[in-house]
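Architecture at a glance
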Amino acid sequence: MGNLALCTSLFRTDATTSEPVSSGRFVTRRICKGIIYYYTPVTAAEHQTVYLAKDSQTTATLFPISSSLSSETPSHTAIFSQMQTDTAFNSRPLLLFFSWLGAQPGAVAKYRDLYLDHGMDVLLIQSSVMHFLWPRWGLNYGLEILNLLEEPPFTGRFILVHASSIGGYTFTQLLIHIAQQPKQHAGLAHRVIGHIYDSLVVGSLDHMATGLGKTLLPRLEGFIKTTAMLYFRLFKSHTADLYESSIQVFYNNPVTSPALFFFSENDAMCNPAALEKLMNCWRQKGVSVHSRKWKESTHAAHLRCHPEEYVSTLQHFLSSLPIPSHKSNI
C-alpha cells in the first residue's frame, strides 16, 4: 500500500520525515519518501497583512482580555501568533512539482527557485518507475498525495500544478481518484488555479516503452523498450488497460483551470499530433489552453535548452492566473 501511513501528517517524526532544514533563503522539509516541501519563512509583512485583515471584534471575542490571567494559562498571544502564521501560509499558492523520472537535485532546483521567487511554496513530488510499471501502486501513491494536500499546512490553499514527463502520469493518478470520488475530492480540483505540462508522454505504448529505455538505461534502450512492450502484453489487464483508462480520465480532466503545454516536434516520447488533439479537445470543453512548441529541443529539458523563451512563456501564463504573489517577477 506504499507510504500512506507515513504521509498522513506533515509534522510526524519518523524515519522518513525530517526536521526542517533552513538554507537561509528557504526551508526544506522531507515529508516522506519522494515528497519534499520547500517554503520560505513567514515574513513580518505577511504577519502584518494577516493581522490587519483580522476583524478586531472577532479577535476580542476569541481572546478576551482578562486581568486575572494566570502565568500557567497558555498564552493567548502565542496562540494568536500561530493562527496568524497558519493564515499567512494559507495565503500563499502551493506549487505541486511532479518531476521527471530520475530528476537530479540541481535540475529540479532551477524550477523550484522559479516558483519560490514568484512567492509560492513548492511541494516536490517524485515518481518511481514502479508507480508506472504497476499502476495500482501509482494509484495508491496518488491517494497518499491527495490525503497529504488535506493536511496542514496544505489544506485549503490555491494550487498550481507543474508536471514534467512521467510526472504527468503521476498527476493523472490523483485525477482518477477525483473523478471516481467527486464528492470527496472535488474541493481539491477547484483549488487548482492552473496546470502546466512539460514534455508530457503522449501517444502509444511504443512511446511509453521508448521513454523507459531512454530514462532507465540509455545504453540498453532497445533492450529495455522490447522488454517493456513484452511486459505490457503479458500483463495487459494490469498495465495497458489501466493506461488507457488513465488517458480517458486525462482527456476528461476534472481540473478545468487554464493549462500550459511545453513540447517539441523531435521528442521521441511524445507524438505532437496526439498532443495537439488533446489540447483541441480541452479547448472544445471550454478550457483555456496555451502552448509553446519548439522544432528541436530535449525531453524534460526545455528550460535548459530554451531558457529565455521558456521563462517568458511561463511568466506570461502565470500573470494571467489569479495568483496572490509576493514577488513581482520570476
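See the structure printed just above.
The notes below deal with the structure included here. Note that the coordinates shown come from a computational prediction; the quantities given were computed from them, not determined experimentally.

1. A short note on the pairing of strand S9 (residues 289–294)
In summary, the side chains of a regular strand alternate between the two faces of the sheet. Pairing of strand S8 (residues 259–264) with S9, which is carried by six bridges, proceeds in the parallel orientation. Opposite Phe-261, over in S9, you have Ser-291 as the bridge partner. Once you follow S8 into helix H12 (residues 272–284) and on to S9, the crossover reads as right-handed.

2. A closer look at empty space enclosed by the protein
What the rule picks out here adds up to one cavity of 30 Å³ or more. Surrounding the largest cavity, Tyr-38, Leu-95, Phe-97, Val-108, Tyr-111, Arg-112, Tyr-115, Val-122 and Leu-124 form its lining. Put simply, the parts of the chain that give the lining of the largest cavity at least two residues each are strand S4 (94–98), helix H4 (105–116) and strand S5 (121–125). Looking at the lining of the largest cavity, the element that brings in the most residues is H4, giving four residues.

3. A few points about the environment of Ser-246
Residue position: Ser-246 is located in helix H11 (residues 240–251). For Ser-246, a relative accessible area of 8% corresponds to the buried category. Ser-246 sits 71 residues away from Leu-175 along the chain, and the two C-alpha atoms are 8.6 Å apart. When near neighbours in sequence (up to four residues on either side) are disregarded, Ser-246 contacts Thr-172, Gln-173 and Ile-176.

4. Considering the layout of surface pockets
Counted as a void, the largest pocket has a volume near 950 Å³. If you go around the largest pocket, you meet 42 residues; those closest to its centre are Ser-165, Ile-166, Leu-200, Val-201 and Val-202. Residue assignment for the lining of the largest pocket shows that the elements contributing at least two residues are H4, helix H7 (166–180), helix H9 (205–216), H11, H12 and helix H13 (302–305). With eight residues, H11 is the largest single contributor of residues to the lining of the largest pocket. Tallied by class, residues from the lining of the largest pocket come to 25 nonpolar, 13 polar and four charged.

Quick notes on the rules
- Numbering of residues starts from 1 in every chain and runs along the sequence as written.
- For a predicted model such as this one, the threshold for reporting local features is a pLDDT of at least 70, and the threshold for listing and counting side-chain atom pairs is 80 or more; totals across whole chains, interfaces and linings nevertheless cover every residue.
- Computation of side-chain values: all heavy atoms of the structure, hydrogens and water removed.
- Strands are treated as partners if at least two bridges between them are detected by DSSP.
- Secondary structure counts use DSSP, requiring at least four H or I residues in a row for a helix and at least two E residues in a row for a strand, with both numbered from the N terminus.
- By definition, the crossover connecting two strands over a helix is right-handed if that path, from the first strand to the second, turns clockwise as seen with the strands pointing away from the viewer.
- Only protein atoms enter the calculation, which uses a 1 Å grid: trapped sets of points that fit a 1.4 Å probe without letting it out are cavities, open sets showing protein on both sides within 12 Å along at least five of seven lines are pockets, and any residue with an atom within 4 Å of a point is a lining residue.
- Grid points are joined across faces, edges and corners, and a volume is the space filled by probe spheres set on the points.
- For each residue, the accessible area found with a 1.4 Å probe, counting protein chains only, is set against the maximum for its type, and the residue is called buried under 20%, exposed over 50%, and partly exposed in between.
- A contact between two residues is defined here by any heavy atoms of the two lying within 4.5 Å.
- Residue polarity follows a fixed list, in which Ala, Val, Leu, Ile, Met, Phe, Trp, Tyr, Cys and Pro are nonpolar, Asp, Glu, Lys and Arg are charged, and the others, Gly among them, are polar.

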